[in-house]
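The chain contents come next:
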Amino acid sequence: MVGVLVMEYEIKCSKCSRTSPSILDFRCSCGSPLEMHLHFNFEKRKIRKRNYSLWRYVSFFPYVNEKDIVSLGEGWTPLIKFSDSAYFKLDHLNPTGSFKDRGSTVLISALHKPLKKVGGYISEDSSGNAGASIAAYAAPAELKAKIYVPEGVSGQKFNQILFYGAEVVKVSGSRGEVAEDAQKLEKRKFYVGHILHPLFRDGIRSLAYELAEQFCWKLPHRIYLPVSAGTLLLGVINGFKHLEKSGLIDASPKIVACQTRQVSPLYHRFKGLSYTPPNRITSIADALVSVNPPLLDLMIKNLKEVNGDAVMVEEDEISSAFIKLARKGFFVEPSSAVAYAAYEKQLKTKETSMGDKAVIVLTGNGLKSKLQPPLRINAAF
Ligand SMILES: [Zn+2]
């Protein structure tokens, strides 16, 4: 059809469906989160087979100019067979030590040119893996990054933020107040918060593509993901939905959202139970902290759409899974061990069986953990 512009994607409001006018927006003018909608099919022939990073899928991120890509070699992480029925996806081996690099490479690659054109810099609120990851990708892009962190924060992830050269702003008060400060309007400041910005979340759909390709398009029955703010969950579901819509898989595997007893708003809502968060989070899974995630409604909607499930694990189950993984040579953050603990729990409760193939996504590197051996298993909290 001559004269008809075919849009390859649209960023739309999850509530009022208004199309976002700018790729720099992190939320709709009505205040609700934005979502990426893809209007093209995934085609196997468009995979860059000789590129062993996330950017083998460059054709499926149409808002990124190939010459503007900022890459540290993220993605295309190993898939390891762990037992007769379980596989591990080693996403803790990404350049900054967490799966968040998938979001950062896509976000920074898409935005650094338009931001520099207007003399802008980026802000983000995180003291953890996302802050470290965004700081790392801003560095080679020569983009100034201001990372807002809670006062009193320390540890390896915070050290990463400093070494990558980001400016750190310490904020006293709640986690919500840290986010508010990061979003506060300031001249030339553009908020790219990893939870809200739709492009960060969109980068994570690459994980679904990799799993499909690594399993030769015959996906396992179940995929276990640790879930906090929901970026991993929503990104992976969106990737599988895209493959299904493109006719490459019959249906999404069963996505299992794994949470700790202390931080389990999704689990409780999904199961129709009420949730009261603790006054203080003391779990060893200290990367999972979103007791009131802004994307909860979206997470519930998406998990239901793909007929997913949610599991909650106890503190002793996380410790035990963390140690079991380490004793097999997998040194991951305790927050990643939550997904393995959930898998073991479902084997025990017979919600899954050894006949069902499962993938457990290992999300963060154990070198970032503050834990000191010996770890007391069955410790009270
Ligand atoms: Zn809206």
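Since this is a predicted model, take the numbers as computed values, not measurements.

Caption draft 1: Expanded view of the sheet that holds strand 9 (residues 222-226). An order of 3-4-12-9-10-11 is seen for the six strands of this open sheet, with the pairing classed as mixed. Each edge of the open sheet carries a strand with a single partner, namely strand 3 (79-81) and strand 11 (309-313). Within this sheet the neighbouring strands show an average axis-to-axis angle of 25 degrees, counted without direction. Here five bridges tie strand 10 (residues 254-260) to strand 11, and the two strands are oriented parallel to one another. Paired with glutamine 259 across the bridge in strand 11 is methionine 312.

Caption draft 2: Seen up close, the side chain of serine 246. Position of serine 246 relative to the elements: it lies in the loop between helix 7 (231-245) and strand 10. You can call serine 246 buried: its relative accessible area is 16%. A distance of 2.8 Å separates the side chain of serine 246 from the backbone nitrogen of phenylalanine 42, its partner in a polar contact. Each residue touching serine 246, except ones within four places of it in the same chain, is listed here: Asn41 and Phe42.

Caption draft 3: Expanded view of the coordination of the zinc ion. Only Cys13 (SG), Cys16 (SG), Cys28 (SG) and Cys30 (SG) from the protein coordinate the zinc ion, and they sit 2.3 to 2.4 Å from it. Donor residues for the zinc ion, ordered by position in the chain, follow C-x2-C-x11-C-x1-C. Residue cysteine 16 is found in the loop between strand 1 (9-13) and strand 2 (34-38), and its partner cysteine 30 is found in the loop between strand 1 and strand 2; the two are separated by 14 residues along the sequence. Look at cysteine 16 and you get partly exposed, because its relative accessible area is 35%.

Caption draft 4: The arrangement of the domain arrangement of the protein in detail. Split into domains, the protein comes out as domain 1 (9-68), domain 2 (79-98 + 203-368) and domain 3 (102-199). Of note, the centres of domain 1 and domain 2, computed from C-alpha atoms alone, are 23 Å apart. In this assembly, 18 residues from domain 1 lie in contact with 19 residues from domain 2. For the pairing of domain 1 and domain 2, the buried interface totals around 1600 Å² over both sides, and the portion due to carbon and sulfur atoms is 57%. Its largest share of buried area at the contact with domain 2, domain 1 owes to Leu38, Phe42 and Tyr57, together 37% of the area lost on that side. Here domain 1 and domain 2 share two salt bridges between them.

Cut-offs applied
Residues numbered from 1 in each chain as written. Predicted model: local features only at pLDDT ≥ 70, side-chain atom pairs only at ≥ 80, totals over all residues. Heavy atoms only, no water. Pairing = 2+ DSSP bridges. Helix = DSSP H or I, 4+ residues; strand = E, 2+ residues; numbered from the N terminus. Axes fitted to C-alpha atoms, helices over the stretch in contact; angles between N-to-C directions. Buried < 20%, exposed > 50% of the residue type's maximum accessible area, 1.4 Å probe, protein only. Polar contact = N/O pair within 3.5 Å; in protein donor to acceptor, adjacent residues only side chain to side chain. Contact = heavy atoms within 4.5 Å. Donors = N, O, S within 2.8 Å, 3.2 Å for Na, K, Ca; no water. Domains from an automatic or database assignment. Buried area = accessible area lost by both parts, 1.4 Å probe. Salt bridge = Lys/Arg side-chain N within 4 Å of Asp/Glu carboxyl O.

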